[in-house]
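# Close look at the chain arrangement
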Amino acid sequence: AQRVTQPEKLLSVFKGAPVELKCNYSYSGSPELFWYVQYSRQRLQLLLRHISRESIKGFTADLNKGETSFHLKKPFAQEEDSAMYYCALMDKLTFGTGTQLKVEL
Amino acid sequence: EAEVAQSPRYKITEKSQAVAFWCDPISGHATLYWYRQILGQGPELLVQFQDESVVDDSQLPKDRFSAERLKGVDSTLKIQPAELGDSAMYLCASSLDRDEAFFGQGTRLTVV
């Protein structure tokens, strides 16, 4: 069965500090992975997907098949990055439990 | 900009009563998902439709939950009878095949 694990419920960093949100997955085939974000009082929305290999709002994520990981990174956190972040895996769109990112001034 | 619409936004119901949620996906999106999200947890997939067909409902508690998408457009999720443990946010999402999923604002259900 496919599974997504996000080990941290809460990650608190200072503004300007680097951010790394961890995601590990379990899947027998070739994975399709996504990061979704939910800002306060907004809908859950796509942040980025691994196949596009793009940087969105300064965030990047690299798929590491050897470590079965898809960690989300940003070199310098900004206050507006504070949100709930979910890692997700296709083909049944399965979500992790989420990590609350809090960027403090 | 097209959005996924859900109604109602909030629902309070008594234990053992029936309750229904409605979802209108983005036009042209063949894939429709229903999720349940309990406070502090991630969204849990209940059922996935491809057009009018159920692709996956392995996590749907079929003794009390049912879902339909009769014409392959809008969808209804029903709970009968509701239990206290069903209190949660119910999210609907739609997508073009395996592409980005667009979420509705959800229906917050409270069972008393």
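First, a word on scope: everything that follows refers to the structure included in this document.

## Quick look at the overall build of chain B
Within chain B, the secondary structure is distributed over 0 helices and 11 strands. The order of helices and strands in chain B, counted from the N terminus, is β-β-β-β-β-β-β-β-β-β-β. For 112 residues, the compact-globule estimate of 2.2 N^0.38 gives 13 Å, and the C-alpha radius of gyration of chain B, at 13 Å, lies within 12% of that figure. Counting only C-alpha atoms, chain B reaches 35 × 25 × 25 Å along its principal axes. Considering only contacts in chain B between residues 6 or more positions apart, those separated by 24 or more positions represent 51%. Working note: accessible area of chain B is about 5600 Å², and carbon and sulfur atoms make up 48% of it. Looking at chain B, you have 11 positive and 17 negative side-chain charges, and the mean spots of the two groups are 7 Å apart.

## A closer look at the sheet that holds strand β7 (residues 65–68) of chain B
Residues and elements named next belong to chain B. Strand order in the open sheet formed by 4 strands is β1-β3-β8-β7, and the pairing between neighbours is antiparallel. Looking at the sheet topology across the chains shown, the edges are occupied by β1 (5–7) and β7. Mean inter-strand twist for the sheet, computed between neighbouring axes without regard to direction, equals 15°. Examined bridge by bridge, β7 and strand β8 (residues 75–79) share 4 bridges and lie antiparallel to one another. Within β8, the position partnered with Ser 66 by the bridge is Lys 78.

## A closer look at the side chain of Thr 13 of chain B
If you trace the backbone, Thr 13 of chain B turns up in strand β2 (residues 10–13). With near-sequence residues (within four places) excluded, Thr 13 of chain B lies in contact with Ala 18, Ala 82, Leu 109, Thr 110, Val 111 and Val 112 of chain B.

## Comments concerning the interface of chain A and chain B
Taken residue by residue, the interface counts 16 residues in chain A and 20 residues in chain B. Here chain A meets chain B over a buried area of about 1600 Å², counting both sides, of which 46% is carbon and sulfur. Considering only the side of chain A, the residues that lose the most area to chain B are Arg 43, Lys 92 and Leu 93 of chain A, jointly responsible for 36% of the buried surface there. Inspection of the region where chain A meets chain B yields 9 residue pairs in polar contact (both at pLDDT 80 or more). When residues of the side of chain A that touches chain B are traced back to their parent elements, those giving at least two are β5 (32–38), β6 (45–49) and β9 (83–90) of chain A. Per element, the largest residue contribution to the side of chain A that touches chain B is 3 residues, and it comes from β5 of chain A. Grouping the constituent residues of the side of chain A that touches chain B by class yields 8 nonpolar, 2 polar and 6 charged.

## Considerations on the pairing of strand β11 (residues 99–104) of chain A
Residues and elements named next belong to chain A. The side-chain alternation of β11 yields one buried face, formed by Thr 99, Leu 101 and Val 103, and one unburied face, formed by Gln 100, Lys 102 and Glu 104. Pairing of strand β2 (residues 10–14) with β11, which is carried by 5 bridges, proceeds in the parallel orientation. Paired with Ser 12 across the strands is Lys 102, a residue of β11.

## Here we look at the nonpolar core
Trp 35, Leu 47, Leu 48, Phe 70, Leu 72 and Tyr 85 of chain A are the most contacted members of the largest nonpolar core, which has 24 residues in total. The dominant element in this core, judged by the number of residues it contributes, is β9 of chain A, at 4 residues. Apart from the residues lying within four places of it in its own chain, the contact partners of Tyr 85 of chain A are Gln 6, Leu 21, Trp 35, Tyr 36, Val 37, Leu 47, Phe 59, Leu 72, Gly 98, Thr 99 and Leu 101 of chain A. Phe 21, Leu 32, Trp 34 and Leu 109 of chain B belong to the second largest nonpolar core, which has 20 residues in total.

Procedures and definitions
- Residues numbered from 1 in each chain as written.
- Chains lettered and ligands numbered in written order.
- Predicted model: local features only at pLDDT ≥ 70, side-chain atom pairs only at ≥ 80, totals over all residues.
- Heavy atoms only, no water.
- Helix = DSSP H or I, 4+ residues; strand = E, 2+ residues; numbered from the N terminus.
- Rg over C-alpha atoms; globule rule 2.2 N^0.38 Å.
- Contact = heavy atoms within 4.5 Å.
- Areas by Shrake-Rupley, 256 points an atom, 1.4 Å probe, with all protein chains shown as cover.
- Lys, Arg positive; Asp, Glu negative; His and termini not counted.
- Charge placed at Lys NZ, Arg CZ, Asp CG, Glu CD.
- Pairing = 2+ DSSP bridges.
- Axes fitted to C-alpha atoms, helices over the stretch in contact; angles between N-to-C directions.
- Buried area = accessible area lost by both parts, 1.4 Å probe.
- Polar contact = N/O pair within 3.5 Å; in protein donor to acceptor, adjacent residues only side chain to side chain.
- Nonpolar A, V, L, I, M, F, W, Y, C, P; charged D, E, K, R; others polar.
- Buried < 20%, exposed > 50% of the residue type's maximum accessible area, 1.4 Å probe, protein only.
- Core = buried A, V, L, I, M, F, W, Y, C linked by side-chain atoms within 4.5 Å.

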